[in-house]
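Coordinate analysis (summary)
What follows is the residue order along each chain.
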Amino acid sequence: MNIKEFIKKSPKAELHLHIEGTLEPELMFSLAKRNNIKIPFNNIEEVKKAYNFSNLDSFLKIYYEGAKVLIKEQDFFDLTWDYILKCREDNIVHTEIFFDPQTHTDRGIDFETVINGIFNALKKGEKEFGLSFKIIMCFLRHLNEDECFKILDKALAHKDKIFGVGLDSSEKGNPPKKFKNLFKKALENEFITVAHAGEEGPPEYIWEALNFLNVHRIDHGVQCLKDDKLVGMLSESQIPLTVCPLSNVKLKVFNKLEEHNLKRMLDKKLMVMVNSDDPAYFGGYLNKNLTETQAALNLSYEQVKTLLVNSFKSSFLKDAEKKKWISKI
Ligand code: ADE
Ligand code: ZN
């Protein structure tokens, strides 16, 4: 079997995926029409042209704008269902998805509208296709901690649906320690924690996420190679780093895929795997991330296998489930 076929056919877990980042232009237009919302684009070509980002913040501006078409529970269901169909195409058998409630509640949408739409689609995917899932609620780090406490209180009523909490949005100038009290309360309420750190921000933010927020995983983490002591600790502890190669190129963290540091991370025995982040905006879902990265970095069959195995090892699945899927790779 050639390496592309191996990637396509192997079961995979996806651990870093923003559900709002799966909003394809076609769905954006149809929801805008359905909900009578004005969007700053006349056609799909214009949308695609606008997806030319210079950094994280330039992307976030468009991403938050796009999310404004999501109004009703059915919209969140449809968005999630479309992603589930992509999981089928890419043989993703387990997914741990992020959602950003504040992006919606700040526009007057009920928390329940958002979580119920997403959860019901995932439950349907589980029933019909056997796709397992966890939902992780992200706090927007450009907002203040007090506002985030209000959202955490809302999430407590949905503990049966929400597995953990994370931290995303504009990284530079919003260090993890800004949210240490918030994450303390989340941990007291038995949410697992993760955080975006070291995407654009310095290695110091990775240390902070580990030391102040008690995270199980670091989302992105690619800046860790600038700090040898951090690399040593991450490699020793095998704390997972959820790397998103196409995202990193689109947001100019690396100039081109050939310059991505994923191979160097593998060489340093870091617990890394590949994810798609916001695939509708960054040009590809999980298989495309894997295939293009393999080709650009000339990753070996063994290295690709390690990435796929790591996706399950780093997941929040039970050990027996991890073992079952790993044996099928
Ligand atoms: N929200 C959606 N995608 C993100 C990313 N790559 N970094 C930070 N926040 C995000
Ligand atoms: Zn992300």
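Here we summarise the structure given alongside this text. None of these values were measured; they are calculated from a predicted model.

What to know about unusual backbone geometry
Peptide bonds are, in most cases, trans, and in most cases residues other than glycine have a negative phi. A positive phi angle, close to 55°, is found at Gln238, a residue other than glycine. Along the chain, the position of Gln238 falls in the loop between helix H11 (228-237) and strand S7 (241-243). Residue class for Gln238 comes out partly exposed when judged on its relative accessible area of 32%. The backbone phi angle of Asn298 is positive, close to 55°, even though this residue is not glycine. Secondary-structure assignment places Asn298 in the loop between helix H15 (286-297) and helix H16 (301-313).

Concerning the packing of helix H5 (residues 73-90) against helix H7 (residues 111-129)
For any two helices packed against each other, the geometry is given by the interaxial angle and the distance between the axes. Between H5 and H7, the least distance of the axes is 7 Å, while the angle of their chain directions is 35°. Remark: the crossing between H5 and H7 carries right-handed chirality. On H7, the residues touching Glu73, Phe76, Phe77, Thr80, Trp81, Ile84, Leu85 and Arg88 of H5 are Thr113, Val114, Asn116, Gly117, Ile118, Asn120, Ala121, Leu122, Lys124, Gly125, Glu128 and Phe129. Along the lines of polarity and charge, the residues of the contact of H5 with H7 split into ten nonpolar, six polar and four charged.

Regarding the sheet that holds strand S2 (residues 92-99)
What the eight strands build is an open sheet, ordered S1-S2-S3-S4-S5-S6-S7-S8; its pairing is parallel. Only two strands of the sheet have a single partner each, and these edge strands are strand S1 (12-18) and strand S8 (272-274). In this sheet, neighbouring strand axes are inclined to one another by 25° on average, regardless of whether the strands run parallel or antiparallel. Where H15 meets the sheet, it contacts S1, S2 and S8, and its direction lies at approximately 105° from that of S1.

Quick word on the coordination of the zinc ion (ligand 2)
In the first shell of the zinc ion (ligand 2), the protein supplies His16 (NE2), His18 (NE2), His196 (NE2) and Asp277 (OD), at 2.0 to 2.3 Å from the metal. Because the angles between the four donor atoms bound to the zinc ion (ligand 2) fall within 82 to 174°, the donor set is best described as irregular. Sequence spacing of the donor residues for the zinc ion (ligand 2), all on one chain, is H-x1-H-x177-H-x80-D. Residue His16 is found in strand S1, and its partner Asp277 is found in the loop between S8 and helix H14 (279-282); the two are separated by 261 residues along the sequence.

Basis of the calculations
- For every chain, the first residue of the written sequence is number 1, and numbering continues from 1 along that sequence.
- Key to labels: chains lettered from A, ligands numbered from 1, both in the order written.
- With the structure being a predicted model, the display of local features is reserved for residues of pLDDT at least 70 and the display and counting of side-chain atom pairs for 80 or more, all residues being used for whole-chain, interface and lining totals.
- Values shown for side chains rest on all heavy atoms present in the structure; no hydrogens or waters enter the calculation.
- Only DSSP runs of H or I covering at least 4 residues are called helices, and only runs of E covering at least 2 are called strands; the numbering of each starts at the N terminus.
- Each residue gets one of three labels from its accessible area relative to the maximum for its type: buried under 20%, exposed over 50%, partly exposed in between, using a 1.4 Å probe on protein chains only.
- Fitting a line to C-alpha atoms yields each axis, with helices limited to the stretch in contact; the angle taken between N-to-C directions then spans 0 to 180 degrees.
- Left-handed describes a crossing in which the near helix is turned anticlockwise from the far one by less than a right angle; the clockwise case is right-handed.
- Contacts: residue pairs with any heavy atoms within 4.5 Å of one another.
- The nonpolar class holds Ala, Val, Leu, Ile, Met, Phe, Trp, Tyr, Cys and Pro. Asp, Glu, Lys and Arg form the charged class, and all remaining residues, Gly among them, are polar.
- What makes two strands pair is DSSP finding at least two bridges between them.
- Listed donors are limited to N, O and S atoms within 2.8 Å of the metal, widened to 3.2 Å for Na, K and Ca; water is not among them, so incomplete-looking sites are possible.
- Irregular is the default label, applied whenever a site is not tetrahedral (four donors, all angles between 85 and 135 degrees) and neither square planar nor octahedral (four or six donors, opposite donors over 155 degrees apart, all other angles between 65 and 115).

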